[in-house]
Amino acid sequence: MLSSPAGTATVETLDELYAAIEPLSMDAGWRRTPGARASGTFEPGRWRYRDGHGALESAGRLISPDLSERRNILLTNSGGPDSTLVTLVCAYQLVLPGERARSHRHTAGALRLGLDVGAGVYTIVDGVRLDMHPNDVVLTPSWCWHGHRNDGDQPAYWLDYLDSPFCRSIDQYVFEPFPGGYEDVTETAITSPYVYPWHETKAALAAAAVDPSGRYGRCVVLDRTPLDTMRLSMHALDAGTRTVAFSTSANNLYTAVEGRGRSVIDGRAFEWERGDIVAAPSGKSQYHEADGDAVLFCVSDEPLLERIGLLRTLSEEKSIG
Ligand code: 1HN
């Protein structure tokens, strides 16, 4: 027989029951409205590179990576202050000429897209120097050591994408500083499974056929080194293209790499140009319009949802309830 020292079996009213179980860190399930914690708290949004660039110019005068680990500006959403979408966070980062940002590693997987990056800018991943150029995508998969350096004479601006909000949500965000702070370069890679150079992506886009669903333009998936949590793809939209609207349970971050246009997310139009980010939260309808020839980079949490059996893609007519 279980005994009930706190008197939970003997109370006479519901209020007494609530009072009796509260100090036990328990609550009555029926006090919560069914569905009240359903998803849908993340807002569609758009962040401008010119705003991120301006903030980083100021940050460049006010803070150094020695003090801050990283000089970055996070793109936040009212759905969660530390994330851009529920599983993903995006940030603009600046490394000034001559600067280095310490090496560290974390369980979160990360990648970068070069924006304004001159010569002599690189990330050191597990001792390997990976040079970054504009529009290159450079991976630092989960638990790889990584630090950044700018040996050139131009400020380097890029975008970071991480799955850290997902890792935190399942209590799996572990962070470790590199012993001594700075990892030495032991090897310089000409090519690397972690780098998608823009000249290769551009050539692949030029050769790609328009996807028959009309949702993605001419699409190239960057999957030489597939990540467990993020799917990366580049989408070339020829001038005047309007993609076919769809909604998906995946969370999608679109970055304008080239050109101008707009994305319509859940009926809201967000204009974009190079370096701008548009966030399409799970379940929201989405399509894009390109004014001139344009390229969009998409970072999606599709592989994560696929693995747990929750990836659903719906056409425009239906919506995810
Ligand atoms: C991080 O480690 C980097 O290593 C960039 O460059 C952005 C945003 C949130 C958490 C960790 C980097 C980050 C980050």
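Coordinates for the structure precede this section.
Moving on, we come to empty space enclosed by the protein. One pass over the structure, following the stated rule, counts two cavities of 30 Å³ or more. Quantified by volume, the largest cavity comes out at close to 80 Å³. What lines the largest cavity is Tyr 216, Arg 231, Ser 233, His 235, Phe 246, Thr 248, Asn 252, Tyr 254, Cys 298, Ser 300, Glu 302 and Thr 313. Elements with a contribution of two residues or more to the lining of the largest cavity: β15 (231-237), β16 (246-248), β17 (252-258) and β22 (294-300).

Let's shift gears to the site of the ligand. Near the ligand you find Arg 70, Asn 72, Leu 74, Gln 93, His 104, His 106, Arg 112, His 146, His 148, Asp 160 and Leu 162, and these make up its full shell. In this structure, His 104 approaches the ligand through a side-chain N or O atom, which is 2.8 Å from an oxygen atom. A distance of 2.7 Å separates an oxygen atom of the ligand from a polar atom in the side chain of His 148. Summarising the interface, the protein chains cover 90% of the accessible area of the ligand, which totals 330 Å² for the free molecule. Structurally, the ligand is housed in the second largest pocket. If you list the elements that add at least two residues to the shell around the ligand, you get β2 (72-74), β4 (100-106), β9 (146-150) and β10 (156-162). The residue makeup of the shell around the ligand, split by class, is two nonpolar, six polar and three charged.

Scoring rules and cut-offs
- Residues numbered from 1 in each chain as written.
- Predicted model: local features only at pLDDT ≥ 70, side-chain atom pairs only at ≥ 80, totals over all residues.
- Heavy atoms only, no water.
- 1 Å grid on protein atoms, 1.4 Å probe; cavity = no way out; pocket = protein on both sides within 12 Å on 5 of 7 lines; lining within 4 Å.
- Points joined across faces, edges and corners; volume = space filled by probe spheres on them.
- Helix = DSSP H or I, 4+ residues; strand = E, 2+ residues; numbered from the N terminus.
- Near = heavy atom within 4 Å.
- Polar contact = N/O pair within 3.5 Å; in protein donor to acceptor, adjacent residues only side chain to side chain.
- Areas by Shrake-Rupley, 256 points an atom, 1.4 Å probe, with all protein chains shown as cover.
- Sits in = over half its atoms within 2 Å of the grid points.
- Nonpolar A, V, L, I, M, F, W, Y, C, P; charged D, E, K, R; others polar.

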